[in-house]
Every structure is written in C-alpha cells, then in structure tokens.
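Analysis of the macromolecular model
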Amino acid sequence: TTERTPHAQFRMCRKTPAGTYLVPFTAEGVEREVGHDGRVLREFPRHPMPVCALRLEDGNTLIAADRAVREYDRQDAVQWELTPTDVPDINLAVIAGLQRLDNGNTVVCNWGATDNGGRVGAHIIEVTPDKRVVWKLAGPALGQVAQCQLLTAELTPHPAVLSR
C-alpha cells in the first residue's frame, strides 16, 4: 500500500477457500486478492473506500465499496449490485460487513447509518437477490455495526458462513 496512515490502509481482510486473501485497501480505493506470499494476484475494479469482500461458493466475489455492494464474476463483470436507489427507504452509509446466505440473500452491515430525510438508518439489513428488504435492525440503542456473525439458535456460527 502507498497509504502511510494506518487507519486508512486496509479494513476487513478475509481468507478465501483457496488460501488467498481479499484485502480492501481503503484509502487507495481498491480491493486486491493477495497470495499467502504477499503477491497481488488480482485487482478488482476501483471504487471509493472498499471495506469488505467475500468469495462466494461459485467463485464470484462480493465487495462493499462506495455505499454499494457489488458481486463480480471472474472477469470482473458485475453480476449483482445493491445501491442506495435499490433500497430507497434505507440510508446506506458505509457498507461494511457482508454475508451471503444459502438462500441467496445478503446480510449487510451499514456503518455510520442514521435516519435522514425519511430514510431509516438501519445498521444491519438482509436483502433478497431482487433487492427486497427481509428485515432490518435500526435505532440508536444498537450503536454502529461494522461486522456481524450470524449464529444458529444454539449460538454457534451459522453453517452458511463457516467456510467463507
């Protein structure tokens, strides 16, 4: 990274099933896939302030950046995206944590979310592939959420996210 301010260098890195790492270089505005030896293997299309990425079972990559979530295929074509216009009742701030559920829905953590002009500052939402909001957590008592872990009723990690 060329960024010298530690807080702006990178955010939520994740290991892929192949043993590589998805690293969001926040200040640089780029998500990179890095090998265990530190070599850059792939650079995704640039968007301001990437925060999190997730390798999906089909090999696509889900990336949170620029107040949106985008799913890229292996050729970097966008296969799905969630933008502020897709959820007009929710104030998307900094999209941080991501989880893709087995049913195809996506759980999104929305850091810095506040109510604004009739839009709810939901801290966590679940959206369907056709961008309907299934549920949302909102309210000042919750505080800000950068990442979440989905659990089963027995309070163990949900199987949909164990391998990702």
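Here the structure is a predicted model, which is why all the values come from computation and not from measurement.

1. Structural notes on the overall build of the chain
Helix and strand counts for the chain come out as two helices and 12 strands. Of the regular secondary structure in the chain, the N- to C-terminal order runs α-β-β-β-β-β-β-β-β-β-β-β-β-α. Taking 15 Å as the expected radius of gyration for a compact globule of 164 residues, we find that the chain reaches 15 Å, a close match to that expectation. Reported as C-alpha extents along the three principal axes, the dimensions of the chain are approximately 45 × 35 × 30 Å. The burial tally for the chain puts 48% of its 164 residues in the buried class. When contacts within the chain are restricted to residue pairs at least 6 apart in sequence, long-range pairs at least 24 apart make up 38% of them. With an accessible surface of roughly 8400 Å², the chain has 54% of that area assigned to carbon and sulfur atoms.

2. Here we look at the sheet that holds strand β11 (residues 124–127)
The strand order across the open sheet formed by four strands is β9-β10-β11-β12, and the pairing between neighbours is antiparallel. Two strands bound the open sheet, and with one partner strand each, they are β9 (94–100) and β12 (133–137). Here the strands of the sheet are splayed against their neighbours by 20 degrees on average, with no regard to which way each runs. As judged from the four bridges shared by β11 and β12, these two strands associate in the antiparallel manner. Residue V127 lies in a different strand from β12, and its bridge partner there is V133.

3. Quick word on the confidence of the model for the chain
On average, residues of the chain score 88 in pLDDT, and 90% of them are at 70 or above. Mean pLDDT values for the elements of the chain range from 54 in helix α2 (residues 159–162) up to 98 in strand β8 (residues 78–82).

4. Observations concerning empty space enclosed by the protein
The tally for this structure, following the rule as stated, stands at two cavities of 30 Å³ or more. Looking at the largest cavity, its volume works out to about 40 Å³. Lining the largest cavity we find G29, V30, E31, P45, R46, H47, P50, I63, A65 and Y72. Across the lining of the largest cavity, the residue classes break down as six nonpolar, two polar and two charged.

5. Description of the packing of aromatic side chains
If you walk through the whole model with that rule in mind, you get one aromatic pair. Ring geometry for F44 and Y72: centres 6.1 Å apart, planes at 50 degrees, overall tilted. Placement of F44 in the loop between β4 (40–43) and β5 (52–55) and of Y72 in strand β7 (residues 68–72) is noted, with a sequence separation of 28 residues between them. For Y72, a relative accessible area of 2% corresponds to the buried category. The aromatic ring of F25 is capped on one face by R32, whose charged end is 4.8 Å from the ring centroid. In this structure, R100 is placed above the aromatic ring of W80, and the distance from its NZ or CZ to the ring centre is 5.4 Å.

6. As for the side chain of N110
On the secondary structure map, N110 appears in strand β10 (residues 106–111). Classification of N110 by relative accessible area gives buried; the value is 2%. Here the side chain of N110 touches N91 through a polar contact of 2.9 Å, landing on its backbone oxygen. The residues contacting N110, other than those within four sequence positions of it, are I90, N91, L92, A93, V94, I95, A122, H123, Q144 and V145.

7. Digging into the pairing of β8
Note that β7 and β8 share four bridges and pair antiparallel. When the sheet's bridge partners are listed, R70 is paired in β8 with E81. In this structure, the hairpin formed by β7 and β8 is closed by a connection of five residues, where D76 is found at a positive phi of approximately 70 degrees.

The rules behind each value
Starting from 1, residues in each chain are numbered consecutively following that chain's sequence as written. Whole-chain, interface and lining totals are the exception, using all residues; otherwise, since this is a predicted model, local features are given only for residues with pLDDT of at least 70 and side-chain atom pairs are given and counted only at 80 or more. Values reported for side chains reflect all heavy atoms of the structure, with hydrogen atoms and water molecules removed beforehand. Each helix corresponds to a stretch of at least 4 residues labelled H or I by DSSP, and each strand to a stretch of at least 2 residues labelled E; elements are numbered beginning at the N terminus. For a compact globule the rule gives 2.2 Å times the number of residues to the power 0.38, and the radius of gyration it is set against comes from C-alpha atoms. Only protein chains enter the accessibility calculation, which uses a 1.4 Å probe; a residue whose area is less than 20% of its type maximum is buried, one above 50% is exposed, and one in between is partly exposed. Only heavy atoms matter for contacts: two residues are in contact if any of them lie within 4.5 Å across the pair. Each accessible area value is a Shrake-Rupley result obtained with a 1.4 Å probe; residue values ignore everything except the protein chains displayed when judging cover. Only strands that DSSP links by at least two bridges are regarded as paired with each other. To get an axis, fit a line to the C-alpha atoms, keeping to the stretch in contact for a helix; angles then go from 0 to 180 degrees between the N-to-C directions. For every residue, the pLDDT score states the predictor's confidence, bounded by 0 at the bottom and 100 at the top. In this analysis a 1.4 Å probe is tested at points of a 1 Å grid over the protein atoms alone, and where it fits but cannot get out there is a cavity; an open set with protein on both sides within 12 Å along at least five of seven lines is a pocket; lining residues have an atom within 4 Å of a point. Grid points are joined across faces, edges and corners, and a volume is the space filled by probe spheres set on the points. Ten residues, namely Ala, Val, Leu, Ile, Met, Phe, Trp, Tyr, Cys and Pro, are considered nonpolar, four, namely Asp, Glu, Lys and Arg, are considered charged, and the remaining ones, Gly among them, are considered polar. To pair, rings of Phe, Tyr and Trp, with the six-membered ring standing in for Trp, must have centres within 6.5 Å; the planes then decide the type, stacked if under 30 degrees apart, edge-to-face if over 60, and tilted in the middle. Only when the NZ atom of a Lys or the CZ atom of an Arg is both within 6 Å of the ring centre and within 35 degrees of the ring normal do we say a charge sits over the ring. Residues adjacent in sequence count toward polar contacts only when both atoms are side-chain atoms; beyond that, a polar contact is any pair of N or O atoms within 3.5 Å, and within protein one must be able to donate a hydrogen and the other to accept it.

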